[in-house]
2 protein chains.
Amino acid sequence: MKRILILGAGLSSKFLINYLLEHAESSKWHIRLGDISLDLAKDKINNHPRGEALFFNVDNPEQLMAEIREANLVVSMLPAKFHFKVAKECVRFGVNMVTASYVSDEIKSLDKEAREKGVLLMNEVGVDPGIDHMSAMQVINRLKDEGSKLIAFESSTGGLVAPNYDNNPWRYKFTWAPRNVVLAGAAGARFLHNSKFKYIPYHKLFSRYEIIDIPEYGQFEVYPNRDSLKYQSTYGLEELSTMFRGTIRRPSFCDAWNLLVQLGATDDTYSMDDTEHMTYRQFTNSFVAYNIVDSVEKKIAAYLGIAENSALMDKLKWLGLFDETVIGIPDLTPARVLQHILEKKWAMEPGDKDMIIMEHQFDYLRFRQHRKIYSTLVVIGEDSTKTAMAKTVGLPAAIVSRLILENKIDLTGVQIPVEKQVYEPVLHELKEYGIEFKERDVLIS
Amino acid sequence: MKRILILGAGLSSKFLINYLLEHAESSKWHIRLGDISLDLAKDKINNHPRGEALFFNVDNPEQLMAEIREANLVVSMLPAKFHFKVAKECVRFGVNMVTASYVSDEIKSLDKEAREKGVLLMNEVGVDPGIDHMSAMQVINRLKDEGSKLIAFESSTGGLVAPNYDNNPWRYKFTWAPRNVVLAGAAGARFLHNSKFKYIPYHKLFSRYEIIDIPEYGQFEVYPNRDSLKYQSTYGLEELSTMFRGTIRRPSFCDAWNLLVQLGATDDTYSMDDTEHMTYRQFTNSFVAYNIVDSVEKKIAAYLGIAENSALMDKLKWLGLFDETVIGIPDLTPARVLQHILEKKWAMEPGDKDMIIMEHQFDYLRFRQHRKIYSTLVVIGEDSTKTAMAKTVGLPAAIVSRLILENKIDLTGVQIPVEKQVYEPVLHELKEYGIEFKERDVLIS
């Protein structure tokens, strides 16, 4: 009997836990689910005979050690900052580990010791990162195997509200951490276009979007991610001359968001004066020059170079930026004020469904033809707990966990899912859950 | 006989040293001038019978202690980061100290102990900070004494190249640290306008300038400083509803500099790829989208929304931003690359003179009249070593040093020159050196 320790029983663990519980009987697994909220863990285990809920505090070193020592596999769905603590104990006790989070420098530092001990620390097996790596590598390796030459790779992902539920002027709601959405792009972007490195500062980022077309779902905007070249060597694409990664939004989102960036409303570097008594309108007014004659609306429109009666201006008005509502919280940065305002307006409502969209574009040469593969994934959430986000994050982590427990993965050290032995079985099985890429292969010239 | 220890014999110490040497005989002072370059110190002392040059290394704690212990006054003209080391020893040995630099948090932390020991640490007695404090406080206190009510205070300073020597399209040359000029404004700006706090993000800063008129010198642009409210309480202006501090440039400078900010060429947060082999043209091209048809010039003009044949574009071309010159230095940030390019073009040439411009505007109410005082200072450098910068930094520090040695200043602890007993004699004596404000007092309504 193998013992799985799952840490973290939050929303994004739902599909992961269910998958592992469903396979527990036939595979003879025992699953311990630890969370700082015992009730949450009990709720997720739902009296399953192979499962057990426990109160778990990652800051209690004795408990951490005791639990990991007894486990055959640890899946950490804790906030990313806790992974290192868990990983260190996993390496010490020779226990394999799975996370859906980015490899941090701390985690990377465990690589040598993990290899020496034969321990696998498998990270980035969620959706982005996760499914993006696996689906991209599948096509990249297929093109290589058939003798085609990849010349450009562009990859974009977005977490959005599903069609029919995108019923506000922004066609956007928070389906994940609001703070990350407000600060997105603050460090600018870097990518490679026809062998030229391109750099975009933050204040230009949301005006440098591109338009993509997703069959059946229409047009979307894509703005560049911070570092498109992060995985260039990991993917084995050192020779590639165009590489771009982006984030997907609904049309006209970027132009509107850019207005907030231009104002300085997304700045997180300083605290404003007396946000406790400041109104939303005063917040907005603080970014434009003093002028006793014109309304705040008029000043904002003139400053941003948009018409006072325009769809863009309507988006700002709809957020409540010109309302006399009091913020009521002291010492906030502009970004925190904006988040506070947005959280009320962009909240998912009961019954709303979310959506994950991913698109890869592969330009390649074969038999003197320039061709292009569009590979697209759309996953719609089932309801407000069985979200597309939870499904696409949790299922890859769950399947990889099963493969590791069945000794089907022959890797050690700090890894991400770019090897065939990982992505082939995972992508194959994900289809059973409706997570399946559609491909179009078109002749360019 | 009193002993003065001057630390740092660089360009900005010239007037300071000469002033103190000139007063040494009659005042019976002995002056020790320490510098890491003994030759430089000897050159400045120029065999004066009351002066002595020495090799001085601030990183040698024994020497630091020995020199300070023997002194009656220490004047530190070292780079600002060294002041704390010096100040700590001054407090320990009960020696007064003068600097022309901003009060750092470290220096501030010495206030209590300095007061207990009766030691005066007088800072910010240069030009900006320094003359700005003194000249502003003189008018502020005069208005208060005569029963006028100050309603707005705006203060701006610029270090520029003098008229007739501003012979390039930017009408600007480096008269002080190039790196500070390239990074100026990066943290945005904050000020108070009619009781409204105003915030400007970096990418809007250089489009939010105002125009001022300096009699005999014409128009200038003023862009807002980082924090206009820093001295609000120090100046005793807590009730003031408009307070603004700015930096002065020649007309059309800000619009042109803004282009470089918009491109991202002043970004200092990341290193670019292979700047060693990158040309200036490639540097410029890295900020605009890939496009095989258009020239870099055409792309830049379109991206920045300016005409390809425009005065603004000519300024960029004149800098060499479209040249095929190789940068030749590895691992530079965009800001470092830009500085490298600018240092060649904006260098002061032999024979060039510099200029310091300062303007205060005081709006005040008196007998139901709204009036306004414009108080302006213009200092032109004598030559390339007797610069306006060295003069306006060094003389206030020198005069304050004399006042302290003559026991004419009744202060202890960490101070800046905002008290009448300091600014009155200093401003009075500065007139003898041609450093004199001109006032216009006009009726507004």
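Residues numbered from 1 in each chain as written. Chains lettered and ligands numbered in written order. Predicted model: local features only at pLDDT ≥ 70, side-chain atom pairs only at ≥ 80, totals over all residues. Heavy atoms only, no water.

1. Regarding the packing of helix 16 (residues 388–405) of chain A against helix 17 (residues 420–430) of chain A
Residue and element names in this part refer to chain A.
- Where helix 16 meets helix 17, the closest approach of the two axes is 10 Å, and the angle between their N-to-C directions is 125 degrees. When the interaxial angle is binned, helix 16 and helix 17 end up oblique. When you trace helix 16 past helix 17, the crossing you get is right-handed. For the pair helix 16 and helix 17, the contacting residues are Leu 395, Pro 396, Ile 399, Val 400, Arg 402 and Leu 403 in the first and Val 422, Pro 425, Val 426, Glu 429 and Leu 430 in the second.
- Grouping the constituent residues of the contact of helix 16 with helix 17 by class yields nine nonpolar, no polar and two charged. (Axes fitted to C-alpha atoms, helices over the stretch in contact; angles between N-to-C directions. Helix = DSSP H or I, 4+ residues; strand = E, 2+ residues; numbered from the N terminus. Parallel < 35°, antiparallel > 145°, perpendicular 65-115°, else oblique. Left-handed = near helix turned anticlockwise from the far one by under 90°. Contact = heavy atoms within 4.5 Å. Nonpolar A, V, L, I, M, F, W, Y, C, P; charged D, E, K, R; others polar.)

2. Comments concerning the interface of chain B and chain A
- Of the residues lining the interface, 26 residues belong to chain B; the matching set on chain A comes to 26 residues.
- For the chain B and chain A pair, buried surface summed over both sides reaches about 2,700 Å², with 51% attributable to carbon and sulfur atoms.
- The largest share of the area that chain B buries against chain A comes from Tyr 199, Asp 273 and Tyr 290 of chain B, three residues that together contribute 27% of it.
- Taken together, chain B and chain A are joined by two salt bridges. (Buried area = accessible area lost by both parts, 1.4 Å probe. Salt bridge = Lys/Arg side-chain N within 4 Å of Asp/Glu carboxyl O.)

3. Points about the packing of aromatic side chains
- If you walk through the whole model with that rule in mind, you get 39 aromatic pairs over all chains.
- Relative to Tyr 235 of chain A, the ring of Phe 153 of chain A lies with its centre 6.1 Å away and its plane at 50 degrees, an arrangement referred to as tilted. One end of the pair, Phe 153 of chain A, is in strand 7 (residues 149–161); the other, Tyr 235 of chain A, is in the loop between strand 11 (218–224) and strand 12 (243–249), and 82 residues separate them in sequence.
- When its relative accessible area of 0% is taken as the criterion, Phe 153 of chain A is described as buried.
- Here the aromatic residues Trp 170, Tyr 172, Phe 174, Tyr 202, Phe 206, Tyr 223, Phe 253, Trp 257 and Trp 346 of chain B are joined through ring pairs into a cluster of three or more.
- Taking NZ or CZ as reference, Arg 249 of chain A lies 5.5 Å from the ring centre of Phe 253 of chain A, over its face. (Phe/Tyr/Trp six-rings, centres within 6.5 Å; stacked < 30°, edge-to-face > 60°. Buried < 20%, exposed > 50% of the residue type's maximum accessible area, 1.4 Å probe, protein only. Lys NZ or Arg CZ within 6 Å of the ring centre and 35° of its normal.)

4. Re the sheet that holds strand 2 (residues 29–35) of chain A
Residue and element names in this part refer to chain A.
- Read across the sheet, seven strands follow the order 3-2-1-4-5-6-15 without closing on themselves; strand pairing throughout is parallel. In this open sheet, the two strands that pair with only one neighbour each are strand 3 (51–55) and strand 15 (413–415). Strand after strand, the sheet turns through a mean of 20 degrees between neighbouring axes, direction not considered.
- Lying over the sheet, helix 5 (residues 83–93) contacts strand 1 (2–7), strand 4 (73–76), strand 5 (96–99) and strand 6 (120–122), oriented at roughly 160 degrees with respect to strand 5. (Pairing = 2+ DSSP bridges.)

5. Thoughts on the sheet that holds strand 6 (residues 120–122) of chain B
All names here are of chain B.
- Strand order in the open sheet made by the seven strands is 3-2-1-4-5-6-15, with parallel pairing throughout. Strands with a single pairing partner mark the edges of an open sheet, and in this sheet they are strand 3 (51–55) and strand 15 (413–415). Taking the axes of each pair of neighbouring strands and ignoring which way they run, one obtains an average angle of 15 degrees across the sheet.
- In this structure, strand 2 (residues 29–35) lies alongside strand 3, joined through five bridges in parallel fashion. Bridge pairing links Asp 35 to Phe 55 in strand 3.
- Contacting strand 2 and strand 3, helix 2 (residues 38–45) runs over the sheet at an angle of about 170 degrees to strand 3.

6. What about the side chain of Thr 266 of chain A?
Residues and elements named next belong to chain A.
- For Thr 266, the position within the fold is in the loop between helix 11 (253–263) and helix 12 (280–285).
- At a separation of 2.7 Å, a polar atom in the side chain of Thr 266 contacts the side chain of Tyr 202.
- In this view, Thr 266 contacts Val 182, Leu 183, Tyr 202, Trp 257, Leu 260, Val 261, Ala 335 and Leu 338; residues no more than four positions away in its chain are not counted. (Polar contact = N/O pair within 3.5 Å; in protein donor to acceptor, adjacent residues only side chain to side chain.)

7. Examining the relation of the copies chain B and chain A
- Mapping chain B onto chain A calls for a rotation angle of 180 degrees and an axial translation of 0.0 Å; the resulting RMSD is 0.0 Å. On the angle and the small slide along the axis, the relation comes out as a two-fold axis. Looking at the rotation axis and the C-alpha trace of chain B, the residue lying nearest is His 203 of chain B, at 3.3 Å.
- A symmetric contact is evident, with 100% of the interface residues of chain B recurring at the interface of chain A. (Least-squares fit on C-alpha atoms with pLDDT ≥ 70 in both.)

8. Section: the domain arrangement of chain A
Residues and elements named next belong to chain A.
- Splitting chain A by domain gives domain 1 (2–123), domain 2 (131–256 + 349–388 + 435–443) and domain 3 (266–345).
- Using only C-alpha atoms to locate each centre, domain 2 and domain 3 end up separated by 31 Å.
- Contact with domain 2, which involves twelve residues of that partner, is made by 14 residues of domain 3.
- By the criterion of area lost to domain 3, the three top residues of domain 2 are Trp 170, Arg 179 and Val 182, representing 44% of everything that side buries. (Domains from an automatic or database assignment.)

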